[in-house]
Amino acid sequence: MIRFILSDLRRLWAGSLVVVLLVALATALGVSVVLQERALRLGSARAADKFDLVIGAGGSETQLVLSSVFLQPSPLPLMPGDVLGRLAADPRVDWAAPIGFGDSFSGYPIIGTTTMLAQNLSGGLAEGKIFAREGEAVIGGAVKLSLGGEIKPMHGSLEEGGETHTELDYHIAGRLRPTGTAWDRAILVPIQAVWHIHGMEVEDHAGDGEHEHEAASGTDSAEHGHAHEKAGADHDGHEHHGEVDPGAALDENWTAGAPGLPAILVKPKTIADAYKLRQDYRSGNTVAVFPGEVLTNLYATLGDAKQILVAVAFGAQALVAASLVLVTVIHIGQRRRQIGALRAFGAPRGVIFGIVWLEFFFLVAVGIALGFTLGYAATLILSGMLSQTSGVAMPVGFAREDAGLAAVLLAFATILAALPAVLAYRQSPAQALRA
């Protein structure tokens, strides 16, 4: 029987190939949707695990996490700078690192922060040393620059028509180990240099939040000029530049008031301290969030989109199944003489049923296996492209529930293959030979 089936498949190889490809493409669509959603969810969750607590000004918690954890450019409102001093002196805090956005270089975001974050972000350096002067920088593991190279910061980005700062060139002092997060594509510089290059002094700028917001958060040029008109600046409509000393030593003593900040990354000493800090800074003009908690809420929102995509994929598979049934019925009609000859030579009905069923089930099973392979390969390519642009590592792999999906598809193939087998089973030899 097996030899007969293989011989039949070789003879009808073109039609068999069409059936396999139809099943494979429909299966690959569903598999890639499931795998890509899982890779995105796991990758973002692992990236968020690097940060215990994020504190920012009142506003969107989701945007705060997207900007501070995933470094998505967006203007954030500023909180008073004295919040940093209070956190630095809080016995419940292991360390607190301010971050400032707005500048970039060659498509890489420049993030102003402290040596504490640079030391703890990736568990050490791959090469070089932590920045110790205002004119030094540390690059992420995925930044394609070399140690000792120069970085000319640009306010905003080249696509937005950003303005290059001429007051300071950062020199690359070290490279962080890979973290699998968006920070692998970041350039870390002293927050002190960011403040100075934007003309912001280390003092409490109460009432000047609009000016600080534009300098540290990186809004567009029109808003930037408008903010400086309100603040009385008459530079050039873009930004008020300050004086920077590249060789100046860093002063990370936050007892004095700091300029307004878009976000502060906090490492609590214990889990209990994390919840207490979150509660304390969720009132007034600040908000404190656990990044993982925000992502959970975001996943719940995106869950409906996933269900829609899965429904579309299964709809495509249903259409393919209907097409296969039609093709099979026509195919059986064309093979009536062959089936009649087999019956005339004494082949039992059960043998005819088995031959047709095994032949069709084999084609569908091969298509399903090929579909899983194609879906996995497509997800690897897409996840790799997303990881290069976002910096977030997206692990692609099968899980136990995927075995359930394969079992459902094979069960469906078993039922689908029974239809042509039943049609062949019911044909009488005399009618088949007269056809």
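Residues numbered from 1 in each chain as written. Predicted model: local features only at pLDDT ≥ 70, side-chain atom pairs only at ≥ 80, totals over all residues. Heavy atoms only, no water.

Colleague: Would you mind going over the pairing of strand 1 (residues 53-57) with me for this structure?
Modeller: Regular strands place their side chains on alternate faces of the sheet. Buried residues dominate strand 1, accounting for five of its five residues. The pairing of strand 1 with strand 11 (residues 263-268) spans four bridges and is classified as antiparallel. Bridged to Val 54 within strand 11 is Leu 265. Where strand 1 meets strand 12 (residues 286-289), four bridges bridge the pair, whose relative direction is antiparallel. Its bridge partner being in strand 12, Ala 57 is matched across the sheet by Thr 286. (Buried < 20%, exposed > 50% of the residue type's maximum accessible area, 1.4 Å probe, protein only. Helix = DSSP H or I, 4+ residues; strand = E, 2+ residues; numbered from the N terminus. Pairing = 2+ DSSP bridges.)

Colleague: What am I meant to see in unusual backbone geometry here?
Modeller: Leaving glycine out, the prevailing phi sign among residues is negative, and the prevailing peptide bond configuration is trans. Of note, Leu 71 is a non-glycine position whose phi angle comes to about 55°, a positive value. By secondary structure assignment, the location of Leu 71 is in the loop between helix 3 (61-68) and helix 4 (82-89). Among the residues examined, Leu 71 registers a relative accessible area of 11% and is labelled buried. At Ser 106, a residue that is not glycine, the phi angle is positive and equals roughly 55°. Positionally, Ser 106 belongs in the loop between strand 2 (93-105) and strand 3 (108-113).

Colleague: Whenever I open this one, helix 3 confuses me. Can you help?
Modeller: Inspection of helix 3 places Leu 64, Val 65, Ser 67 and Ser 68 among the buried residues, and these make up the whole buried set. The buried side chains of helix 3 occupy one side of the element, clustering within an arc of 170° when seen end-on. One side-chain oxygen at the N-terminal end of helix 3 lies 3.5 Å from the backbone nitrogen of Thr 62; it belongs to Ser 60. (Arc of directions from axis to C-beta. Polar contact = N/O pair within 3.5 Å; in protein donor to acceptor, adjacent residues only side chain to side chain.)

Colleague: Just checking my understanding: could you explain the packing of aromatic side chains for this structure?
Modeller: Note on aromatic pairs: each is described by the distance of the centres and the angle between the planes. If you walk through the whole model with that rule in mind, you get five aromatic pairs. Between Phe 51 and Trp 183 the ring centres are 5.8 Å apart and the planes differ by 45°, which places this aromatic pair in the tilted class. Of the two residues, Phe 51 sits in the loop between helix 2 (13-48) and strand 1 while Trp 183 sits in the loop between strand 9 (170-176) and strand 10 (187-190), which places them 132 residues apart along the sequence. Summarising the burial analysis for this pair, Phe 51 and Trp 183 share the class buried. With a centroid separation of 5.9 Å and an interplanar angle of 40°, the aromatic rings of Phe 372 and Phe 398 are classed as tilted. A residue pair is termed long-range when its members are at least 10 positions apart, and Phe 372 in helix 12 (residues 349-390) and Phe 398 in the loop between helix 12 and helix 13 (400-426) qualify at 26 residues. A relative accessible area of 12% means that Phe 372 is categorised as buried. An aromatic cluster of three or more residues is present, and its members are Phe 372, Tyr 376 and Phe 398. (Phe/Tyr/Trp six-rings, centres within 6.5 Å; stacked < 30°, edge-to-face > 60°.)

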